[in-house]
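# What the coordinates show
If you want the building blocks of each chain, they are given just below.
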Amino acid sequence: MSGKDFLEIIKTRRSCRKYKPEQITDEELKAVLEAGTYAPTSRGMQSPYIVAVQNEEQRKQLAAMNARVMGVTSNPYYDAPTYVLVFTPADANNPIQDGSCVLENMMLAAHTIGLASCWIHREREMFSTEEGKALMKQWGLPEGLVGIGALSLGYPAGEAAEAKPRKEGYYRIVK
Ligand SMILES: Cc1cc2nc3c(=O)[nH]c(=O)nc-3n(C[C@H](O)[C@H](O)[C@H](O)COP(=O)(O)O)c2cc1C
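A short tour of the structure in this document, coming up. (Residues numbered from 1 in each chain as written. Predicted model: local features only at pLDDT ≥ 70, side-chain atom pairs only at ≥ 80, totals over all residues. Heavy atoms only, no water.)

Now for the pattern of salt bridges. Inspection of every chain in the model, using the stated rule, returns three salt bridges. With a shortest N-O distance of 3.8 Å, E125 and R124 are connected by a salt bridge. For E125, a relative accessible area of 30% corresponds to the partly exposed category. Accessibility expressed as a relative area gives 54% for R124, which makes it exposed. (Salt bridge = Lys/Arg side-chain N within 4 Å of Asp/Glu carboxyl O. Buried < 20%, exposed > 50% of the residue type's maximum accessible area, 1.4 Å probe, protein only.)

Encoded structure:
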C-alpha cells in the first residue's frame, strides 16, 4: 500500500452506527487486534489489554451496563456483532493515551480491511462496578485496570457519510 492510500484510509474512516448482523471472520478480527498491539505506548511498556467479546450473552450484559451509565435503554454498541474493549493499569505512565492509541490503530486497521467501527465510551464507569470487576476477572485480566474505551466492530450496513469539513484554524505551522 502506498502512503497516499493510507492517507485516504485516514480521511475516509467514519464512525459506524449500523451493522450487519453477520459476524466478522477470525482472520479479520485478529488483523484488527494485532494492529492494536502495534500502537505506540508510553515507554514502550505495552500497558493496554484488549478484550474482544463476541459471546452474545456477554454482549447483552455489556450493552446493559453501558446503557445504565448513559441513562438510555438502547444498545450503546449499536448491536454490532463484536465489541472490543481496551483497559490499561491505572498506575501505567499514561493509561488514557496508551489505550487511545490502541483504539485508533484498531479503527484504522478495521477500515483498511473493509470493516466498520465506532469508539464507544463509558468503559471507565462500567468497569469500576462490582459487575464490571467480575467480568474482568472472568476474562483473566489482572487487577488494577481501568476501562479506557471500546469499539463496536462489524460489517457496515450502508454507506458511510462523508467527513464534516475540518474547522478553520485546526492546525498552524510555525517556521
Ligand atoms: C473519546 C471518544 C468517545 C466517543 N464516544 C462515542 C460513543 O459513546 N458513542 C458514539 O456513537 N460515538 C462515540 N464517539 C465517536 C464520535 O462521535 C465520532 O468520532 C465523531 O462524531 C466524528 O465522526 P467520525 O468518527 O465519523 O469522523 C467517540 C469518539 C471519541 C474519540
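So, about the site of the ligand. Taken together, R13, R14, S15, R17, Y78, C118, W119, I120, H121 and R122 form the complete shell of residues around the ligand. Take R17: an N or O atom from its side chain is 2.8 Å from an oxygen atom of the ligand. Between the ligand and the protein, one listed contact pairs an oxygen atom with a backbone N or O atom of H121 at 3.0 Å. Contact with the protein chains hides 60% of the accessible area of the ligand, taken as 630 Å² for the molecule alone. In the shell around the ligand, the residues fall into four nonpolar, two polar and four charged. (Near = heavy atom within 4 Å. Polar contact = N/O pair within 3.5 Å; in protein donor to acceptor, adjacent residues only side chain to side chain. Areas by Shrake-Rupley, 256 points an atom, 1.4 Å probe, with all protein chains shown as cover. Nonpolar A, V, L, I, M, F, W, Y, C, P; charged D, E, K, R; others polar.)

This part takes up the sheet that holds strand 1 (residues 49–53). Reading across the sheet, the four strands line up as 1-2-4-3 and stay open at both edges, with antiparallel pairing between neighbours. At either end of the open sheet lies a strand with only one pairing partner, and these are strand 1 and strand 3 (116–120). The mean inter-strand angle of the sheet, taken between neighbouring strand axes irrespective of direction, is 25°. Of the strand pairs in this sheet, strand 1 and strand 2 (residues 82–89) are connected by five bridges, and their pairing is antiparallel. Across the sheet, residue V53 finds its bridge partner in strand 2, namely Y83. Sheet strands touched by helix 3 (residues 56–70): strand 1, strand 2 and strand 3. Its angle to strand 2, the strand with the most contacts, is close to 65°. (Pairing = 2+ DSSP bridges. Helix = DSSP H or I, 4+ residues; strand = E, 2+ residues; numbered from the N terminus. Axes fitted to C-alpha atoms, helices over the stretch in contact; angles between N-to-C directions. Contact = heavy atoms within 4.5 Å.)

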